[in-house]
Amino acid sequence: MSVGTPGTQTADALVIRQLHKHYGTHRALDGVDLTVKAGEVYGLLGPNGAGKTTLMKALLGLQRPTSGSIEIFGRPVGRDTLAEVGALIEVPGLWPTLTADETLKVHAKLRGVPEDWIEGALRLVKMTDARSRRVGAYSLGMRWRLGIAIALLARPRLIILDEPTNGLDPVGIREMRGIIRSLAGEGVAVLIASHQLGEVAQVCDRVQVLTAGRTQYEGSLEGLAVDGDVEAGFFRLLETADAGIR
Ligand SMILES: Nc1ncnc2c1ncn2[C@@H]1O[C@H](COP(=O)(O)OP(=O)(O)OP(=O)(O)O)[C@@H](O)[C@H]1O
């Protein structure tokens, strides 16, 4: 399946510069920079209240930033750029009595995409065998995969996943990682927001740690490590940032 057309335009799928969002005197985002390239998996990590949802909403055009810029494939956020974006916020609500095939047909009609694109989306999430079963009988992991297939239907070149591991068991998390890597292999840019380091970090090429709207770290996962321990480095960073706020 071809989702998007890697390499035909700029390699930067998403460029965020000096993004600020203030609610009154509260700075939910305080000068965040972030770039995700085509074929890259980027993890936005931070505790509750760090500003991840605020950033996602801004890049989906749901919220106007106080200042700063967001470009998707070189253009400011708007109707035409959002056609390039697929998003999955946790596990989607699905109709239990429909099969995966029927569910995707409904979404194909709603998005105005040809039905023959369904096949590729199902293959990418490894659901061709389960396509004729009713969604009500699916495990949470299968529902998540169907959610991804829905997000992929319109062949987006940038995928945004908010807390993708919520509720998934270890098998589901492993499958999720495999699917995310396949997407990146197809040239899709993937932005994952999560408050969990362990469950998503392994799949990321680069991560950014955000606390209270500020970037505390950006770079490779290894660079976050203290004495070779990435998790220890992550928690030390959160504690240091927390102490700075108090
Ligand atoms: N509409 C709003 N009005 C005022 N403050 C808000 C509003 N939305 C978010 N905030 C505040 O902005 C900060 C960032 O919130 P945000 O939801 O973006 O964080 P988050 O990292 O997504 O956290 P969570 O994982 O809990 O969703 C928080 O302090 C939150 O209370």
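To be clear, the structure that these remarks concern was listed above.
All values derive from a computational prediction rather than experimental measurement.

Asks: I tried to follow the overall build of the protein on my own but got confused; where do I start?
Replies: Along the backbone of the protein there are 8 helices and 10 strands. Each principal axis of the C-alpha distribution contributes one length, and for the protein these read about 55 × 35 × 35 Å. Of the contacts formed within the protein by residues at least 6 apart in sequence, a portion of 70% connects residues at least 24 apart.

Asks: For this particular structure, what's the right way to read the sheet that holds strand 4 (residues 67–72)?
Replies: Hydrogen bonds along the backbone pair up the strands of a sheet, which may run parallel or antiparallel. Spatial ordering of the open sheet is given by 2-1-4-5, a layout of 4 strands whose pairing is antiparallel. The sheet is open, and its two edges are formed by strand 2 (26–37) and strand 5 (75–76), each paired on a single side. Against the sheet, helix 1 (residues 52–59) touches strand 1 (12–23), strand 2 and strand 4, its axis set at about 120° to strand 1.

Asks: What should I look at first to understand the pairing of strand 8 (residues 189–194) in this one?
Replies: Here is the key point about a regular strand: its side chains alternate between the two faces of the sheet. Across the 6 residues of strand 8, 6 count as buried, placing the element largely inside the fold. Both faces of strand 8 are covered, namely the face carrying A189, L191 and A193 and the face carrying V190, I192 and S194. Pairing analysis gives 5 bridges linking strand 3 (residues 41–45) to strand 8, with the strands arranged parallel. Paired with L45 across the strands is S194, a residue of strand 8. Of the strand pairs in this sheet, strand 7 (residues 158–162) and strand 8 are connected by 5 bridges, and their pairing is parallel. Its bridge partner being in strand 8, I159 is matched across the sheet by V190. In this fold, strand 7 hands off to helix 6 (residues 170–185), which returns the chain to strand 8; that crossover is right-handed.

Asks: Honestly, the sheet that holds strand 9 (residues 206–211) in this entry has me stumped. Any pointers?
Replies: Taken in spatial order, the 6 strands make up an open sheet running 6-7-8-3-9-10, and their pairing is mixed. What marks the edges here is a single partner per strand, and that holds for strand 6 (85–89) and strand 10 (214–219). This sheet shows a mean twist of 15° between the axes of neighbouring strands, independent of strand direction. Where strand 3 meets strand 9, 4 bridges bridge the pair, whose relative direction is parallel. Looking across to strand 9, one finds that G43 is bridged to V207. Lying over the sheet, helix 5 (residues 140–152) contacts strand 6 and strand 7, oriented at roughly 155° with respect to strand 6. Contacts between helix 6 and the sheet are confined to strand 3, strand 7 and strand 8, with strand 8 contributing the most and set at about 145° to the helix.

Each value, and the rule that gives it
- Residues numbered from 1 in each chain as written.
- Predicted model: local features only at pLDDT ≥ 70, side-chain atom pairs only at ≥ 80, totals over all residues.
- Helix = DSSP H or I, 4+ residues; strand = E, 2+ residues; numbered from the N terminus.
- Contact = placed C-beta atoms within 7 Å.
- Pairing = 2+ DSSP bridges.
- Axes fitted to C-alpha atoms, helices over the stretch in contact; angles between N-to-C directions.
- Buried ≥ 20, exposed ≤ 12 C-beta atoms within 10 Å, placed from the backbone.
- Right-handed = clockwise from strand over helix to strand, strands pointing away.

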